[in-house]
Every structure is written in structure tokens, then in C-alpha cells.
Amino acid sequence: MNRNNFDLEDCRVVLALVEARSFRLAAEKLGQSASTLSRSIAGLETRLGARLFDRDTRNVEATDEGMAFARLAERLLNTAAGGVADFNAFLNARRGRLVIAGLPSVTAGLLPELLERYAIAHPEVDLRILDALSDSVVASVANGEADLGFTAGTVGTRDQLSFQALMDDQFVAVGRRDGLLAEDRPYGLAELIRMPFIAMARGTSVREILDGACGLAGLQVEPRFEVSHLATAGALVAQGLGVSAMPQLTLPVLGGRDLIIRPIADFGASRRIGLVWRSGRTLSPPARAFLKLVRGGPLQGTH
């Protein structure tokens with residue numbers, strides 16, 4: 001005989017009868033008739049192959065088997081209630097896990113303020129940040145490793161991702177405080193690239209946009225230094241080895257070691273920052289809550 005053949009409603013019925021010790025009182029509590037309750041108990045006893053209650057015309061008493069079942073029923077109902085509470089908390093984005101991938105310049109320059117607001121509103125959601133280059137951001141979202149991704153540029157439909165543009169990250173000139181950009185004025189792009197110039201390596205979004213801006217202006221950048229990491233570029237500029245042109249969101253990664261920024265009068269391009277997620281897939285409640293936060297107001301990056 002399958003003694004697992006009962007459900008949560010059976011548990012509620014047994015606990016009500018154990019507490020009330022009366023079919024009439026238990027039935028009133030459950031919102032059903034005494035005859036319906038009596039049939040439910042008789043059917044459960046048949047399925048379990050055990051007598052749960054001794055009853056006569058006046059009294060109802062739980063048997064040892066009935067008390068053992070009542071203890072089990074109480075544990076199961078408490079577990080179910082806790083599970084329902086956890087599920088409701090997940091649906092309301094109060095609990096869960098959110099993984100965000102992003103370019104290092106975005107995670108450093110844009111995410112801290114957003115995450116502070118999100119963490120205040122959703123303190124029990126676990127957050128994980130994946131710093132990666134643009135291609136890796138796209139890949140981590142596409143393969144489900146990340147829920148959302150901050151990247152630069154647009155995303156092709158072949159990637160099966162949705163893209164929402166969020167802001168344009170303007171380029172500025174970066175130099176040492178007592179160096180080549182000491183004059184407090186806008187600098188022209190041609191003027192900048194004639195100076196000892198520190199550029200990001202080819203293949204990075206920053207370099208692609210720089211090359212594109214130079215191409216539109218009929219210029220060709222010939223950097224004195226090419227580096228792969230923003231922190232390295234910042235260190236070289238701080239050492240006085242040259243100047244650079246960087247999006248504003250990269251400034252926290254470059255560091256504040258005696259660096260100054262100046263406007264570029266004629267750069268003619270910006271880096272489009274956007275959010276990506278998998279098309280045709282329902283975002284988790286924590287991810288939906290973060291997307292709503294991002295869409296809900298102006299982004300406060302480094303300006």
C-alpha cells in the first residue's frame with residue numbers, strides 16, 4: 001500500500017480535527033460540512049491503511065497513528081508555507097540572484113551608483129558582477145551565465161540578444177596635471193594625436209571609436225604606446241609619458257593620480273552604452289527589477 005498517497009489538504013484536515021476534537025467544530029473552521037469532513041478522514045485512513053481517529057457519537061480522539069500523522073502534517077505545512085513565502089519573495093524580487101556582466105569601465109563608472117540603489121530596494125538579492133571585454137559580455141549573456149550585460153555599441157540579431165541604448169559616453173582628453181594639457185581649454189583631435197599619444201590596443205571598443213573618429217577627420221593616429229588595460233593607460237599618463245583620449249566612464253579605472261581632463265572640441269563620436277539580455281527569454285524577477293531601475297531615471301555616470 002502506498003502510504004505517501006496524501007496531500008497538503010489532508011494535512012490541514014487532520015490538524016483541524018486533532019485541535020477541535022469535533023467533526024462539527026473542525027468542519028466550521030475548514031468551511032465545509034461535517035459529513036464532507038468525515039468522508040475525507042475515512043478516505044485518508046483507507047489510503048494510509050491506518051486508523052487516525054477513534055470516534056463515537058460524542059467524542060473524537062486521535063490515535064497514536066493519528067498523532068504521528070499530525071506531527072508530520074505540521075512539519076509539511078510549515079515547510080510548504082516557508083517555500084511559498086520564498087517563492088513569493090522571489091517573484092517580488094526580494095530574494096534571488098542577479099548576475100550582471102559589463103565592460104570594466106562601465107562596471108566601475110556606472111554600476112556603483114545603480115547597485116547602491118538596487119541593494120537598498122532589494123537587500124536579500126545576491127549580486128554578482130562579471131567584468132569582461134565587450135565580446136565576453138555578449139557571450140556571457142547569450143549563454144545564460146549573466147542575466148544582463150552592459151556593453152558598448154549595438155548587438156547584431158545573430159546574437160539573439162535584445163539591446164537597449166542607455167547613454168552616450170563622451171570622449172575627453174586625459175593628461176598629467178602639469179603636463180601637455182596644462183592649459184585649461186578644449187583641445188582639437190589633430191592637436192592631441194600629434195602629442196605623445198597613449199592608445200588602447202586594437203580590438204577594444206575605445207580604440208575602434210578613436211580610429212573611427214580619426215578616419216572621419218582624415219587623420220591617422222600613430223600612438224607612442226598601445227596598452228590593453230585602462231589602468232595601464234592611466235599609469236602611463238600619470239607618469240607624464242603622453243596624453244590619451246578616453247570615454248568619461250573610464251576615468252575611475254584610469255585612477256586619479258594627478259590626472260586632468262579637458263574637452264575635445266571636434267572628436268565627433270561617442271561610445272554608445274547599452275544593456276543586453278537574451279531575446280525570447282523571460283527575465284528573472286531580480287533582473288526585471290534591475291532593468292526597471294535602469295529605465296526609471298537618468299544614469300549618473302562620471303561626467
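Reading the values: rules and limits
- Note that residues are indexed from 1 along each chain, following the sequence as it is written.
- With the structure being a predicted model, the display of local features is reserved for residues of pLDDT at least 70 and the display and counting of side-chain atom pairs for 80 or more, all residues being used for whole-chain, interface and lining totals.
- Just so you know, side-chain values use all the structure's heavy atoms and leave hydrogens and water out.
- To qualify as a nonpolar core, a set must consist of buried Ala, Val, Leu, Ile, Met, Phe, Trp, Tyr and Cys residues joined through side-chain atoms within 4.5 Å.
- Partly exposed describes any residue whose relative accessible area lies between the buried limit of under 20% and the exposed limit of over 50%, with all areas from a 1.4 Å probe on protein chains only and scaled to the type maximum.
- Helix and strand assignments follow DSSP, with helices taken as H or I runs no shorter than four residues and strands as E runs no shorter than two, numbered in order from the N terminus.
- The contact criterion used throughout is that any non-hydrogen atoms of two residues lie within 4.5 Å.
- Fitted lines through C-alpha atoms serve as axes, helices being fitted only where they are in contact, and the angles separating the N-to-C directions of these axes extend from 0 to 180 degrees.
- To sort the angles, those under 35 degrees are grouped as roughly parallel, those over 145 as roughly antiparallel, those from 65 to 115 as roughly perpendicular, and the leftovers as oblique.
- Helix crossings get a hand from a simple test, with the near helix turned counterclockwise from the far one by less than a right angle marking a left-handed crossing and a clockwise turn marking a right-handed one.
- Polarity classes work like this: nonpolar for Ala, Val, Leu, Ile, Met, Phe, Trp, Tyr, Cys and Pro, charged for Asp, Glu, Lys and Arg, and polar for all others, with Gly in that last group.
- The definition of a polar contact used here is a pair of N or O atoms within 3.5 Å, where within protein one atom must be able to donate a hydrogen and the other to accept one, and adjacent residues in sequence count solely through side-chain atom pairs.
- Each Phe, Tyr or Trp ring (for Trp, its six-membered ring) is paired with any other whose centre lies within 6.5 Å, and the angle between the two planes then decides the class: stacked below 30 degrees, edge-to-face above 60, tilted in between.
- Here a salt bridge means any side-chain nitrogen of Lys or Arg lying within 4 Å of a carboxyl oxygen belonging to Asp or Glu.

**A look at the nonpolar core**
And step 1. Counting residues in hydrophobic clusters, the biggest one holds 35 residues, and the most contacted among them are Leu192, Phe197 and Phe267.
And step 2. At the level of elements, β6 (161-176), α8 (189-194), β7 (198-200), α9 (205-216), α10 (230-238), β9 (244-247), α11 (251-254) and β10 (259-263) are the ones that each hand at least two residues to this core.
And step 3. Those residues in contact with leucine 192, other than ones at most four positions away along the chain, are Ala173, Leu181, Tyr187, Phe197, Val243 and Ile264.
And step 4. Counting 25 residues, the second-largest nonpolar core is a separate cluster that includes Leu114, Ala287, Leu293 and Val294.

**Observations concerning the packing of helix α6 (residues 111-121) against helix α12 (residues 285-295)**
And step 1. At a closest axis distance of 11 Å, the pairing of α6 and α12 adopts a crossing angle of 120 degrees. Our classification of the angle between α6 and α12 gives oblique. Crossing handedness for the pair α6 and α12: right-handed. Judged by residue contacts, Leu111, Leu114, Leu115, Arg117 and Tyr118 of α6 engage Pro286, Ala289, Phe290, Leu293 and Val294 from α12.
And step 2. Grouping the constituent residues of the contact of α6 with α12 by class yields nine nonpolar, no polar and one charged.

**Brief notes about unusual backbone geometry**
Leaving glycine out, the prevailing phi sign among residues is negative, and the prevailing peptide bond configuration is trans.
And step 1. In this structure, arginine 21 takes a positive phi of about 55 degrees despite not being glycine.
And step 2. Here arginine 21 lies in the loop between α1 (8-20) and α2 (23-30).

**Here we look at the environment of aspartate 169**
And step 1. Along the chain, the position of aspartate 169 falls in strand β6.
And step 2. Separated by 63 residues in sequence, aspartate 169 and valine 106 place their C-alpha atoms 9.8 Å apart.
And step 3. Those residues within four positions of aspartate 169 in sequence are excluded, and the remaining contacts are Pro247, Gln248, Leu249, Ser270, Arg271 and Ile273.
And step 4. Polar contacts involving the side chain of aspartate 169 include one to the main-chain amide nitrogen of glutamine 248, which spans 3.1 Å.

**Section: the packing of α2 against helix α3 (residues 34-48)**
And step 1. Closest axis-to-axis distance for the α2/α3 pair is 8 Å, and the angle between their directions is 100 degrees. What the angle tells us is that α2 and α3 run roughly perpendicular. Contacts between α2 and α3 pair Phe23, Arg24, Ala26, Ala27 and Leu30 from the former with Ala34, Leu37, Ser38 and Ile41 from the latter.
And step 2. Of the residues that constitute the contact of α2 with α3, the class distribution is seven nonpolar, one polar and one charged.

**Examining the packing of aromatic side chains**
And step 1. In the structure shown here, the tally under the stated rule is four aromatic pairs.
And step 2. Centroid distance tyrosine 118 to phenylalanine 290: 5.5 Å. Interplanar angle 65 degrees. Geometry classified as edge-to-face. Here tyrosine 118, found in helix α6, pairs with phenylalanine 290, found in helix α12; they are 172 residues apart in sequence, far enough to count as distant. For the pair shown, tyrosine 118 and phenylalanine 290 are each scored as buried.
And step 3. Each ring, one from phenylalanine 171 and one from phenylalanine 267, has its centre 4.4 Å from the other, and the planes form 10 degrees; the classification is stacked. Highlighted residues: phenylalanine 171 in strand β6 and phenylalanine 267 in the loop between β10 and β11 (270-278), separated in sequence by 96 residues. Each member of the pair phenylalanine 171 and phenylalanine 267 is classed as buried.
And step 4. Pairwise contacts between aromatic rings join Tyr118, Phe150 and Phe290 into one cluster.

**Here's the deal with the pattern of salt bridges**
And step 1. Inspection of every chain in the model, using the stated rule, returns 17 salt bridges.
And step 2. With its nearest N and O atoms 2.4 Å apart, the salt bridge here joins aspartate 168 to arginine 272. Of this pair, aspartate 168 sits in strand β6 while arginine 272 sits in strand β11, and the two are 104 residues apart along the sequence.
And step 3. One salt bridge connects arginine 262 with aspartate 184, and the closest N-O pair in it is separated by 3.2 Å. Of this pair, arginine 262 sits in strand β10 while aspartate 184 sits in the loop between β6 and α8, and the two are 78 residues apart along the sequence.
And step 4. Under the relative-accessibility criterion, aspartate 184 is labelled exposed at 66%.
And step 5. If you follow the salt bridges from partner to partner, you end up with Arg202, Arg207, Asp211 and Glu226 in one network.

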